[in-house]
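Each chain, letter by letter, is given below.
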Amino acid sequence: MIWTVFLLIHAVLLYFILTHRSRSKGEPPLDKGIVPWLGHALEFGRDVSKFLNRMKQKHGDIFTVRVAGRYVTVLLDPHSYDQVIHDPESLDFTRYARVLMDRIFNLRLPHQQPERSKALMKKHFVGTNLNALNSSTSRHLQALLKGEMPSNQKHWKDEELFDFSYRILFKAGYLTLFGGEQNNNGSDPSRVYQEYKVFDGLLSKLARGTLKPEEKKASQKVQQRLLELLAPAGGAENQGSSSWVRGYRLLLQEDGVDEDMQKKALLMQLWATQGNVGPAAFWLLGYLLTNPDAMTAVRKEFSRVSQSTTSELNLMDTPVNTPVFDSALEETLRLTAAPFITREVVQEKTLHMSDGHEYLLRKGDRLCLFPFNSPQMDPEIYHEPQKFKFDRFLNKDGSAKNIFYKGGKQLKYFSMPWGAGTNGCVGKQYAVNTIRKFVYLMVTNYDMQLRDAHAQMPEVDASRYGLGLLQPVGDLNFRYRPRETH
Ligand code: HEM
């Protein structure tokens, strides 16, 4: 007994010695919070945007906080972001991403895998090969929308906009990439979507490691069901899946990844390719429905485009000039894209701030940018930043506006929904094309109305800050029917 107590006391002492930390000369301000080990974890998980604003008031544009035993340096000065985005030597994306993938999907891949699969993705999602994916997605979108509502229907159909947008885009993306058609041995996209939504609901807690025991069980069960549903994707019998997924599966096999891990890797890819597109389309359509001027301007532009192209498919297959839509999308993403850009500090680094100060970053810590707070919601950059203004990214002559200032200096990064630099989003063009096609089909083929004409956009779910596209609390009720003129 006495030995147990003795060992326990020593273990506790050793723990405190090892985890004790104070600010060294030249390091950013350190804020450990009052709770041992956890530090600021609770506030961080509850509403990280609010928490980081509070820290910025207290410490300025750079500070280090303790979150569940980890030390995270947060940088909020967009003029200094370049040094983070363009320094893969000291600030490693992959190492951090591996930890997250392990935590969420229990996924462990050989060392070289992430780079090799990224190269494969670039081959399929960037450049001319993208055309095949675009037209397949376009066909699926049209078929899915027709399946929801025959074009001769006269009556309004009631829907919830978030559920509707996410469902249609998820299914179109899944059918295009993972090949879910029944006659191709794939799994039914509705089943996959149903299970995926349950998984998505648990995602923020999974990522933060804060699931309750019963949620942990539910998460394991739903992941297992998803792994089974995804098993045929990219396999020899499933000709319906995209050449990307088939190539990905082969690559994993070449790298000696076993069947079980292959399925987990597919689930990770399902999340990476589908998790943001549906929510982004929801926010955009929602803002258009609640801002009639914006809806009119986008409709007018689409009508001009459709008169000048021969087929609806062209809107995705060939580059088209849609500055009004582009501005409305940019504005939507400014308001609703809230990813962390996180890197692991793999060697000590001196960060030179734009104001001339220098800070030392400690090896083993994490460095995190949160562009949602700054620049995206910064009132110095955007007048009334909480408001949706569809033409915020348009110049007076109708061209795209990309010059914004902070502190009298032009910003290189004025909004960062896709990240930037070497680790920026590989699927950006595909995602933009898909959202544009979906919004085009909705606003040109259907009349859409809010069920409550005075409805406002729903609040955001604050627990999802840091995870990518935000999601609403509740939904926005609307109704739609085929347009008479069509
Ligand atoms: C609205 C939709 C989307 C948004 C807002 C978005 C945003 C992002 C962001 C913020 C990052 C991280 C950048 C960083 O940490 O520096 C990222 C990375 C990535 N995205 Fe997307 N994404 C979207 C859709 C897609 C799609 C459809 C694909 C499918 C091809 C995709 C594939 C990827 C990949 C592979 C990476 C990792 C890049 C790397 O390893 O360096 N994304 N995306």
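Residues numbered from 1 in each chain as written. Predicted model: local features only at pLDDT ≥ 70, side-chain atom pairs only at ≥ 80, totals over all residues.

### Considerations on the environment of Thr 273
Move 1: Tracing the sequence through the fold places Thr 273 in helix 12 (residues 259-274).
Move 2: Distance in space between the C-alpha atoms of Thr 273 and Asn 321 is 25 Å, their sequence separation being 48 residues.
Move 3: In this view, Thr 273 contacts Gly 173, Leu 177 and Gly 427; residues no more than four positions away in its chain are not counted. (Helix = DSSP H or I, 4+ residues; strand = E, 2+ residues; numbered from the N terminus. Contact = placed C-beta atoms within 7 Å.)

### Quick look at the sheet that holds strand 15 (residues 477-482)
Move 1: The 3 strands lie next to each other as 5-15-13, forming an open sheet whose pairing is antiparallel. Among the strands making up the open sheet, the edge pair consists of strand 5 (157-160) and strand 13 (446-450). If you compare each strand with its neighbour and ignore which way they point, the axes differ by 30 degrees on average.
Move 2: Where strand 5 meets strand 15, 4 bridges bridge the pair, whose relative direction is antiparallel. (Pairing = 2+ DSSP bridges. Axes fitted to C-alpha atoms, helices over the stretch in contact; angles between N-to-C directions.)

### With respect to the pairing of strand 8 (residues 349-352)
Move 1: The side-chain alternation of strand 8 yields one buried face, formed by Lys 349 and Leu 351, and one unburied face, formed by Thr 350 and His 352.
Move 2: As paired elements, strand 8 and strand 9 (residues 358-361) share 4 bridges and run antiparallel to each other. When the sheet's bridge partners are listed, His 352 is paired in strand 9 with Glu 358.
Move 3: As consecutive antiparallel partners, strand 8 and strand 9 are separated by 5 residues, and within that stretch Gly 356 has a phi angle of approximately 100 degrees, a positive value. (Buried ≥ 20, exposed ≤ 12 C-beta atoms within 10 Å, placed from the backbone.)

### Some details on the UniProt feature "binding site: substrate" (unreviewed entry) in the protein
Move 1: As recorded in UniProt, the sites labelled "binding site: substrate" (unreviewed entry) are Arg 103, Leu 109, Asn 276 and Arg 366. Judged by maximum C-alpha separation, these annotated positions cover 264 residues in sequence and are scattered in space, the widest gap reaching 24.0 Å.
Move 2: Inspection of the secondary structure puts Arg 103 in helix 5 (residues 93-105).
Move 3: Its 13 C-beta neighbours within 10 Å are what place Arg 103 among the partly exposed residues.
Move 4: Setting aside residues up to four positions removed in sequence, Arg 103 forms contacts with Leu 206, Ala 207 and Gly 209.
Move 5: Assessed through the 21 C-beta atoms surrounding it within 10 Å, Arg 366 is described here as buried.
Move 6: With residues near it in sequence (within four places) discarded, Arg 366 still touches Arg 70, Val 72, Tyr 96, Thr 342, Glu 344 and Val 345. (UniProt positions renumbered as here; feature names shortened; annotations may be inferred.)

### Examining the UniProt feature "binding site: heme" (unreviewed entry) in the protein
Move 1: This chain's UniProt record puts "binding site: heme" (unreviewed entry) on Cys 425.
Move 2: Counting through the fold element by element, Cys 425 comes out in the loop between strand 12 (409-410) and helix 18 (428-445).
Move 3: What Cys 425 contacts, discounting residues up to four positions off in sequence, is Trp 418 and Gly 419.

### Things to note about the nonpolar core
Move 1: In this structure, Ala 281, Leu 284 and Ile 435 are the most contacted members of the largest nonpolar core, which totals 104 residues.
Move 2: Element by element, the count of residues in this core is highest for helix 8 (residues 161-178), at 12 residues. (Core = buried A, V, L, I, M, F, W, Y, C linked by C-beta atoms within 7 Å.)

### Re the site of the ligand
Move 1: Within the structure, the ligand sits among 23 residues, and Asn 276, Gly 419, Asn 423, Cys 425 and Gly 427 are positioned closest to it.
Move 2: Looking at the shell around the ligand, the elements with two or more residues in it are helix 6 (113-125), helix 12, helix 13 (277-290), strand 6 (337-339) and helix 18.
Move 3: The element best represented in the shell around the ligand is helix 6, accounting for 3 residues.
Move 4: Classifying every residue of the shell around the ligand by side-chain character gives 16 nonpolar, 6 polar and 1 charged. (Near = placed C-beta within 6 Å. Nonpolar A, V, L, I, M, F, W, Y, C, P; charged D, E, K, R; others polar.)

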